[in-house]
Amino acid sequence: MNDGIAGKLAKQFINSKITPLLMVASLLVGIMATFMTPREEEPQIVVPMVDLYIPYPGATPAEVELRVAKPVERTLTEIPGVDYVYSTSMPDFAVVTVRYKVGEDAEKSMVKLWSTLMKNMDKMPPGVQFPLMKKVSIDDVPVLNLTFWSKTKDPFQLRKTAVGVADELKKIKNIGDVEIKGGLKRQVKIVLNKEKLRQFNVSPLQIARQVQLSNTQMTAGDFKQMNEEIIVRSGRFLESSDDVANIVIGIYGASPVYLRDVASVVDGPEEVNNYNFFGHAAAAPNGSASGEYPAVTLTVAKRQGSDASKLADKVLARVDNLKKGFIPADVTVSETRNYGATATDKVFTLLEHLIVAVVAVTIVVGFFLGWRGALVVFASVPITFALTLLIYYLLDYSLNRVTLFALIFVTGIVVDDSIIIAENIHRHFAMKRQPRLQAAITAINEVGNPTILATFTVIAAVLPMVFVSGLMGPYMSPMPIGASLAMIFSLLVALIATPWLAFRLLKTEEGHHEEYDITKTNYYKLFNTILSPFIESSFKRWIAFGVVGLMLVGAIALVPMKAVQMKMLPFDNKNEFQVIVDMPEGTALEQTARVTKEISAYLKTVPEVLSYQYYVGINAPINFNGLVRHYYMRQAKNMGDIQVNLVPKDERKAQSHDIAKKVRAGVQQIAQRYNANAKIVEIPPGPPVLSTLVAEIYGPSQEQQIALARQVKKVFQETPGVVDVDWMVEDDQKVYDLVVNKERAAFRGVSAEQIAQTLRMSLAGMDVGVLHTDKELDPVTIQVRLPQSDRTSLHDLSTLFVQSQGMGTLTTRLRAGEMIPLSELVTVQEKIQEKSIYRKDLRRVVYVTADVAGATESPVYAMLNMDKKIEQLKVPGGYSVSPLYTASPTSDEKLAIKWDGEWQITFEVFRDLGTAFAVVLVIIYLLIIGWFQSFKTPLIMMIAIPLSLVGIIPGHFVHGAFFTATSMIGMIALAGIMVRNSVLLIDFIQIRRAEGADLKRAVIESAAVRTKPIILTSGAVVIGSLVMLFDPIFQGLAISLIWGGVLSTILTLVVVPIVYYIVEKKSAKP
Amino acid sequence: MSVDIKKKFLTLLVAIPLFIAGCGNHDPESIKSRSKALVAVVSVVAVRSAVEAGGDEVLVVPASAIFRKGELTAVFVAGADNRLTVRWISTGRTMQGDLVVLGGLDKGELVVGVYSPSLVEGVTVIKSVTAEDQTHE
């Protein structure tokens, strides 16, 4: 017999001493790799996203848009690789966000962006300041949050402690950014006294200038004297608040005026600009403090490519050390986020799943092949995975939920090669036609080549998923790569290690001497009874085909009937969620704090909530979702974030998504009472988007866009299942515009700039320098400002004074130095703050956002539902606006709506997966043609592919699950597995026919002989997937593999032989 | 005067049994029930509006109601459910023993008139509105 590649390999290794060594070595490197590969929860996704902040002081949003945003956008879109350009034009500045195509090199993109921007800076109008460019990356997301809270200490003291700890932590290797959220900084406040200023004839601007001038120190140079260089230095930095208070700011009469004469200088906490509180909630262990305490959060990010869990452990150890001395006893440090721990947890849960899957599969194999056979298969799986993990390590992949998912996914498939080989050796040993060694090699030769082909069919099935584009790409690509690698290794293991093991472990059963006869086996009898009627009677055959066809149609019909709904990814079960509170623009910080606090008080009573922390006026530490949604910019006075931590998932029954759904009503009720907009934000399982449901509204003018947006928002609110409706249009905020009377100002010798600066200094305060102290880690600023009690009304402002510059302004001949009240120079105009202008890809857009929960969980159905209502909306011009799904409108002349958000990604993913599936089918077809040298046979084999739908769709219906992206992956992979079964089946028929058997007998015999390995391999896939059924995200995949696997296996064993019989009958008869 | 004494006596009569009942019902299992157990009588005043020198309408609370935690300023608010909550506020200038509230309180809300360190957030109280404020309502 001529040996194939498989046989040659087996011959080489079956008795070689090197085989066991190779096996042990692979196992060892695999174990090492497992521990050395960095662990993290989310896959490393490079989303080159860059934020550009371009200040244009004084400009209105329309002006900022026209002069800054538009030209910048236009030049940026010219850069190759730029995917989207978004911009927001606000009063005084523009934010332009550039998003590159996923996978573009971050550094190169930055350089390209920088050079393009610089090339065009000369075209910017005067007054535009230098842009600030910030790269946004996944490593900005803190992996560890430590909340410092105390019953006795105030935010100022807490921050001081936290800053000290941060400084200490910075020394740890691999640590990234360490930041402090909340608390109050130390500041030297120069609190102006208006009466005294007037009395001593001093203006605020004068104070600022004097402080700046006094705060200098300089090395003047050196001179030589007696062979010595002597350094001359002059000036002295301000080192304490006393230094500041004793600055001479002017002369009044004949005596100097000190700063302390006209202002009080206070060294202490800055004015309150944020509220950050921490509290334990209903699920906190007994004895936890029950109140709500001032808090400061220390966030720790990690460096790229380092292990989150190792870093977190090191940081925690260091903090424990500091607790003994540096951190006061009454300050408690609580761990409010530890992605290291959750990553380790996730990784070990997945590894556990992996082991369970392997053991379950082994038991099934043991059932058919006996414990020795099971052992052969069992031994081969760890070797396969060990090698795959090694490759992960070498390719710089981290161990995360996606890479491990790839392994679980293939568990059922990688055992197949070993099963087929071991089973066939087992069968040949049982037949006893040849001596053991010869029998083993014959067995391998018989199935070796189809096994190789089958492996490549499965690889062909999963590999095209690499080409999924967009943000979902990085989530998906480790999967086909990992699965393909595992498949290749499993093939090598099956051809090298399995024969070696099987040869030694499998026993020839004793007392089994009669000649092997296939027709006497139970399988043969079974298939003879099942298949014979269909082979003999064409009528019965067509009835059978009809039944199968009906089942297929019925299954597919479940989708339009909405019995099975499509959704990209279901929600994962996480240990946290956030509540985002937006008060109308122009709400005072304390009012926002009050609403946020009240919502927190409600959340505190929810039984699953462990602790909560709210941040008002400052953003909560961001997560990956917040990164994409720009939550780090939520620092306005009308914004509050509540971070809600739940009890660990194994200690509660409810999934985090259900808890979020449950609390929504209570939260919304409180929010509505205060006219606030609250959103429950869960961590999305896949790539984050602006919001689950986004309607982008385009149109000829901002007024029309907003008018339509208002109507659309109403439609959103009225649609059941659509929740957390919001839009990105600011509420009206009152503005007092102090218009300078130019003639009068010129006459009095005052410049407009002077007035603006005086006002700014009085209201917002002005930093005039830093205190040069070496004890403080945070810089201590010196700020000039009016006391809060003196800046509460227009009346307060009009009693401010500016000093006449006299002839210095070149407009007047009056004497300089006269104090002129502002009320004389300005007139007040009350206005409404102009609204920000949002643009996306060079077009003005107004966003209406919402989430879906309850009645519909999938945005697609909510969108279809709302389409009808939106089409009925009346717009000026009398046309109807029908929302677009896949592309932005072609012109701005008419109002138009485009759906975005999760839909956009869903659309891209299913489109790419669909394309991948089509490519898969073609590749499989080509592969089989190459093998069987026939155009017809591959088609017969591929009949099994649609048959899997008969199982997959009703399977989802039975489980009440969504048909998700993972379901689709399961379906694609199943195509490979099913075709492999057909290959093995038909290959055997052809071997038997070549040996001279007649067609009918060959067909039935092949079904009988191949049933065992086919059921075994499909069984392995099914059993291996069972463990995934309880994972919220991978459930879809499990359902596809289990239900699709079971049904299409049964149908394949019956339908494929019959179809083959019909097709071959004509050519066989003559 | 005698009316005032009678009122105080009555509230005491109500408060003492409630207090005792609260003590008996001590349940360390949950934070919620623990804080509910405490009952105290507090005198509350309503947040009033006043007219400032410049002619603007402002809200005021008695200076005695205010307490500070470092730079943070707060009052105790007795809500409709008779529970005390800490409300963070920002204050402006003083007006004859009252402080102008710039943010954090609404007109007519009841705040504890005189702050005492023994007050705890979350406790249920019996409100006694002081005479001075009844005129404003």
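It should be emphasised that the depicted structure is a prediction, and the values quoted were computed from it without experimental measurement.

Chemist: I tried to follow the overall build of chain A on my own but got confused; where do I start?
Modeler: A count of helices and strands for chain A gives 31 helices and 30 strands. Dimensions of chain A, computed from the C-alpha atoms along their principal axes, are close to 130 × 85 × 60 Å. Buried residues in chain A amount to 50% of all 1070 residues. Excluding contacts between residues fewer than 6 apart, the proportion of contacts in chain A whose partners are at least 24 apart in sequence is 79%.

Chemist: What am I meant to see in the overall build of chain B here?
Modeler: A tally of regular secondary structure across chain B gives 3 helices and 9 strands. Ordered by position from N to C terminus, the α and β elements of chain B give α-α-β-β-β-β-β-β-β-β-β-α. When each of the 137 residues of chain B is scored for burial, the buried share is 28%. Taking the intrachain contacts of chain B between residues at least 6 apart in sequence as the baseline, contacts between residues at least 24 apart amount to 64%.

Chemist: What is the right way to read the sheet that holds strand β7 (residues 186-192) of chain A from this model?
Modeler: Within a sheet, neighbouring strands are paired by backbone hydrogen bonds and run either parallel or antiparallel to one another. Residues and elements named next belong to chain A. A sheet is described by the order of its strands in space; here 4 strands give the open sequence β12-β7-β24-β23, paired in mixed fashion. For this open sheet the edge positions go to β12 (263-269) and β23 (766-771), each flanked by a neighbour on one side alone. The mean inter-strand angle of the sheet, taken between neighbouring strand axes irrespective of direction, is 25°. Pairing geometry for β7 and β12, over 7 bridges, is antiparallel. Following the sheet pairing, Ile190 is matched in β12 by Val265. Lying on the sheet, helix α7 (residues 204-214) is in contact with β7, β23 and β24 (780-785); it crosses β23 at an angle near 25°.

Chemist: Where do I start with the nonpolar core in this structure?
Modeler: Note that soluble globular proteins tend to have their nonpolar side chains buried in a common cluster. One finds Phe148, Met465, Val581 and Ile972 of chain A together with Val101 and Val111 of chain B to be the most contacted residues of the largest nonpolar core, which totals 283 residues. Sorting elements by how many residues they give to this core places helix α11 (residues 339-394) of chain A first, with 25 residues. In this structure, Val111 of chain B is in contact with Val44, Val45, Val47, Val61, Ala65, Val75, Phe76 and Val77 of chain B, ignoring residues within four places of it in sequence.

Chemist: Where do I start with the interface of chain B and chain A in this structure?
Modeler: Many analyses report the size of an interface as the accessible area lost when the parts associate. Taken together, the contact pairs 24 residues of chain B with 28 residues of chain A. If you list the elements that add at least two residues to the side of chain B that touches chain A, you get α2 (31-37), β6 (84-95) and β7 (98-103) of chain B. Looking at the side of chain B that touches chain A, the element that brings in the most residues is β6 of chain B, giving 6 residues. Residue composition of the side of chain B that touches chain A, by class: 6 nonpolar, 8 polar and 10 charged.

Chemist: Help me understand helix α16 (residues 522-536) of chain A, please; the structure alone is not making it clear to me.
Modeler: Because each turn of an α-helix spans 3.6 residues, side chains separated by three or four positions end up pointing in the same direction. Residue and element names in this part refer to chain A. For α16, spanning 15 residues, the distance from its first C-alpha to its last is 21 Å, which sits close to the expected 21 Å at 1.5 Å a residue. The largest bend in α16 is about 30°, located at Ile530, with the proline Pro533 one to four residues further on. Those residues of α16 lying buried are Phe527, Leu531, Phe534 and Ile535.

Chemist: Mind showing me how you'd approach the packing of helix α12 (residues 401-431) of chain A against helix α13 (residues 436-462) of chain A here?
Modeler: Each packed pair of helices is defined by two parameters, the angle between the axes and the distance between the axes. Residues and elements named next belong to chain A. One way to put it is that α12 packs onto α13 with a least axis distance of 8 Å and a crossing angle of 155°. By the criterion of interaxial angle, the relationship of α12 to α13 is roughly antiparallel. The two elements α12 and α13 cross, and the hand of that crossing is right-handed. Contacts between α12 and α13 involve Ile413, Asp417, Ile420, Ile421, Asn424, Ile425, Arg427, His428 and Phe429 from the former and Arg436, Ala439, Ala440, Thr442, Ala443, Ile444, Glu446, Val447, Thr451, Thr455 and Val458 from the latter.

Chemist: In this structure, what is going on with the packing of α13 of chain A against helix α26 (residues 902-932) of chain A? I would like to understand it.
Modeler: All names here are of chain A. In the contact formed by α13 and α26, the axes pass within 9 Å of each other and the chain directions differ by 165°. The orientation of α13 with respect to α26, classified from their angle, is roughly antiparallel. The way α13 lies across α26 gives a crossing that is right-handed. Between α13, through Leu453, Phe456, Thr457, Ala460 and Ala461, and α26, the contact on the second element is made entirely by Val920, Ile923, Ile924, Leu927 and Trp931.

Chemist: Explain the environment of Gly877 of chain A here, please?
Modeler: Residue and element names in this part refer to chain A. The topology assignment puts Gly877 in the loop between α25 (859-871) and β30 (896-901). Residue classification places Gly877 among the exposed positions, given that 11 C-beta atoms sit within 10 Å. Distance in space between the C-alpha atoms of Gly877 and Leu895 is 9.6 Å, their sequence separation being 18 residues.

Chemist: How should I be thinking about the confidence of the model for chain B in this particular structure?
Modeler: Parts of the prediction with low pLDDT should not have their coordinates interpreted in detail. Residue and element names in this part refer to chain B. Mean pLDDT over chain B works out to 73, with 66% of the residues at or above the 70 mark. This stretch, residues 20-36, has a pLDDT under 50; its non-local contacts, to residues over four places away or in other chains, come to 22 contacts. Segment residues 133-137: pLDDT under 50, and 6 contacts once partners within four positions in sequence are set aside and those in other chains are kept.

Rules used in this analysis
Residues numbered from 1 in each chain as written. Chains lettered and ligands numbered in written order. Predicted model: local features only at pLDDT ≥ 70, side-chain atom pairs only at ≥ 80, totals over all residues. Helix = DSSP H or I, 4+ residues; strand = E, 2+ residues; numbered from the N terminus. Buried ≥ 20, exposed ≤ 12 C-beta atoms within 10 Å, placed from the backbone. Contact = placed C-beta atoms within 7 Å. Pairing = 2+ DSSP bridges. Axes fitted to C-alpha atoms, helices over the stretch in contact; angles between N-to-C directions. Core = buried A, V, L, I, M, F, W, Y, C linked by C-beta atoms within 7 Å. Nonpolar A, V, L, I, M, F, W, Y, C, P; charged D, E, K, R; others polar. Expected span 1.5 Å × (residues − 1). Bend = angle between axes of the 7 residues up to and from the residue. Parallel < 35°, antiparallel > 145°, perpendicular 65-115°, else oblique. Left-handed = near helix turned anticlockwise from the far one by under 90°. pLDDT = per-residue confidence, 0-100.

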